[in-house]
Amino acid sequence: MKVLSVVSEVYPLIKTGGLADVAGALPSALAAEGVEVITLLPGYPAVMSAIDNVAPVYWMDELFGGPATILSAEAAGLQLFVIEAKHLYDRPGGPYVSPEGVDWPDNAFRFAALARVAAQIAYGEIAGFVPDVVHAHDWQAGLVPAFLRYDARRHAPSVLTVHNLAFQGQFPAGLLPALGLPPHAFSLDGVEYYGMIGFLKGGLAIADRVTTVSPTYASEIRSTEGGMGLSGLLTDRGTDLVGILNGIDDTVWNPQTDICLPQRFALNTRVKRKLNKAALQQRLGLDDAPDQLLYGVVSRLSWQKGLDLLVEALPHLIATGAQLALIGTGEDAIQQAFSVAAAEHPGRIGTFFGYDEDLAHLVQGAVDSLIVPSRFEPCGLTQLCALRYGALPLVARVGGLADTIIDANEMARAAGVGTGVQFAPVTVKALETGLERMAEIWRDQEAWGQLQKNAMRTDVSWRGPAKHYAALYRDIVSLRSGG
Ligand code: ADP
Ligand code: GLC
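Note that the coordinates shown come from a computational prediction; the quantities given were computed from them, not determined experimentally.

**Student:** Help me understand the site of ligand 1 in this model?
**Tutor:** Every one of the 20 residues lining ligand 1 counts as a neighbour, but Gly18, Asp21, Arg300, Lys305 and Leu381 are closest to it. With respect to ligand 1, the side chain of Lys15 contributes an N or O atom lying 2.9 Å from an oxygen atom. With respect to ligand 1, the backbone of Gly354 contributes an N or O atom lying 2.9 Å from a nitrogen atom. For the shell around ligand 1, the secondary-structure elements that each account for two or more residues are helix 1 (18–31), strand 13 (294–301), strand 14 (323–330) and helix 13 (357–366). Among the residues making up the shell around ligand 1, the classes are represented as 5 nonpolar, 8 polar and 7 charged. Counting contributing residues per domain, the shell around ligand 1 is built from domain 1 (2–247 + 463–481) and domain 2 (267–457), each supplying no fewer than three.

Laid out in structure tokens, this is it:
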């Protein structure tokens, strides 16, 4: 089975969030299921400088305003096709935004190009790799199913995975011809979306199957509140829409071998975590307080992540005798609020504003509990890392957070299965109740130890999810071949 994965970011080459982690880790887990994956991604400068064994395999004179060469390449154990198209991707800044943080004005073309090239590969234009399935991720690859549908050439079936319905890629209707789509694509069952072109909407309507990254999110997005304008379409897709949980790369996230930790540890040596806790307290200017419950946050600072609720709950957190170590980057207002709180509570709240992978590992290996108070969360990866590192997650009961953390209520504890604490609804009051519950468990160190063991024993790898994806691929291939 051959799969072309089409995606706009891949860890460790280029990353703005969990999408990159997924795209970077899933291929090797799929290899164990007999699925060979090649990942197609844009040739941003960071990608061009990271790739090895580069060989040009396909040429296009015209790809939305300039020539393109498709390179076969390798990096970090991944098999890649990279689109070298200087007019689209050879720029400073992030994959989607300029150095000033503004969306590139030609993003419609930059990502239509990604989908266009994917379609060429699906038609068998690159000798030696004709995919059985094309797997597109998020709005940036959302036009893949559309390009395939509006072209008569024989091609593989498509799967679209939604990692976050909040980002939909909408562009003016007038771009339709320039994007290379026929007039009839602008329809209810095509790319039309409230008078605009919806990249994600088109993919959701047309792909043979749609997946999202947790079963609970799959049901939430079918509701008016969670559907972000797409609930009708998603409901109509019926059983074509499924939720498959994410995993994490358990070689990147392994507390026994993690070089970012001053002190590595395993389940039976987890008391050694206290050395990491001391190191983190020192690094972030927190009091050296081994017995205080230390919470952590590793997050984008955005409305989705609910961190403004945590800001409001901080007096409560402090009153329970706890500390907080937060690392994050994003909206100024949220950052500002945490800065003010840190100044008000010296030694009790420590912050780092920026993106730092090594520090993210230290937080996971040091804190007692990781807080994830998201308003919505398609899956979430930080709580999975926290489980593996023995930091009990305190999470909002939404999306993938609800599916991955077993609330340590009385029955769960009696059955010996809790791995964290959930709170609902997503309000300051409920979060405060969650903080109280966590503090109560902390006071009973024996109970805490049991939950930590449960957490660290949880299988958060890609092995299980990869089996689901492999089964899905086999399913649509056999349907297509009439099997
Ligand atoms: P999302 O993709 O919505 O941001 P996820 O939980 O799926 O949320 O993935 C976030 C990823 O980004 C995780 O790998 C997490 O460790 C990482 N991350 C988030 N913020 C930071 C940061 N400030 N520094 C380093 N890594 C971060
Ligand atoms: C998105 C979601 C996050 C998910 C990630 C990877 O960024 O916000 O919940 O874990 O994609 O699927």
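Structure's up, so let's keep going.
**Student:** What am I meant to see in the pattern of salt bridges here?
**Tutor:** For side chains bearing opposite charge, pairing can occur when the charged atoms are close. All chains considered together, the criterion is met by 19 salt bridges. The partner of Arg209 in a salt bridge is Asp475, with the nearest N and O atoms 3.4 Å apart. In this pair, Arg209 sits in strand 11 (residues 209–212) while Asp475 sits in helix 19 (residues 463–480), placing the two residues 266 residues apart along the sequence. Under the relative-accessibility criterion, Asp475 is labelled partly exposed at 37%. With a closest N to O distance of 2.9 Å, Arg237 and Asp240 form a salt bridge. Residue Arg237 is classed as buried on the basis of its relative accessible area, which comes to 11%.

**Student:** Looking at this model, I keep getting lost on the site of ligand 2. Mind explaining?
**Tutor:** Near ligand 2, the surroundings consist of 14 residues, among which His163, Asn246, Glu377, Cys379 and Gly380 are the closest. In this structure, an oxygen atom belonging to ligand 2 sits 2.8 Å away from a side-chain N or O atom of Asn246. At a separation of 2.5 Å, an oxygen atom of ligand 2 approaches a polar side-chain atom of Glu377. Its free accessible area being 310 Å², ligand 2 has 93% of it covered by the protein chains. Per element, the largest residue contribution to the shell around ligand 2 is 3 residues, and it comes from helix 1. Of the residues belonging to the shell around ligand 2, the class tally is 6 nonpolar, 6 polar and 2 charged. Taken domain by domain, the shell around ligand 2 gets at least three of its residues from each of domain 1 (2–247 + 463–481) and domain 2 (267–457).

**Student:** Sorry if this is basic, but what is going on with the packing of aromatic side chains here?
**Tutor:** Each aromatic ring pair is specified by the distance between its two centres and by the angle formed by the two planes. Summed over the entire model, instances satisfying the criterion amount to 13 aromatic pairs. Centroid distance Tyr44 to Tyr89: 5.9 Å. Interplanar angle 75°. Geometry classified as edge-to-face. Here Tyr44 is found in the loop between strand 2 (36–42) and helix 2 (45–48), whereas its partner Tyr89 is found in helix 3 (residues 86–89), with 45 residues between them in sequence. A relative accessible area of 3% means that Tyr44 is categorised as buried. Between Trp442 and Trp448, the aromatic rings sit 4.9 Å apart at their centres with planes inclined by 85°, giving edge-to-face as the arrangement. This pair shows no difference in class: Trp442 is buried, exactly as Trp448 is.

Rules and cut-offs
Residues numbered from 1 in each chain as written. Chains lettered and ligands numbered in written order. Predicted model: local features only at pLDDT ≥ 70, side-chain atom pairs only at ≥ 80, totals over all residues. Heavy atoms only, no water. Near = heavy atom within 4 Å. Polar contact = N/O pair within 3.5 Å; in protein donor to acceptor, adjacent residues only side chain to side chain. Helix = DSSP H or I, 4+ residues; strand = E, 2+ residues; numbered from the N terminus. Nonpolar A, V, L, I, M, F, W, Y, C, P; charged D, E, K, R; others polar. Domains from an automatic or database assignment. Salt bridge = Lys/Arg side-chain N within 4 Å of Asp/Glu carboxyl O. Buried < 20%, exposed > 50% of the residue type's maximum accessible area, 1.4 Å probe, protein only. Areas by Shrake-Rupley, 256 points an atom, 1.4 Å probe, with all protein chains shown as cover. Phe/Tyr/Trp six-rings, centres within 6.5 Å; stacked < 30°, edge-to-face > 60°.

Distances and angles like these do not, on their own, reveal function.
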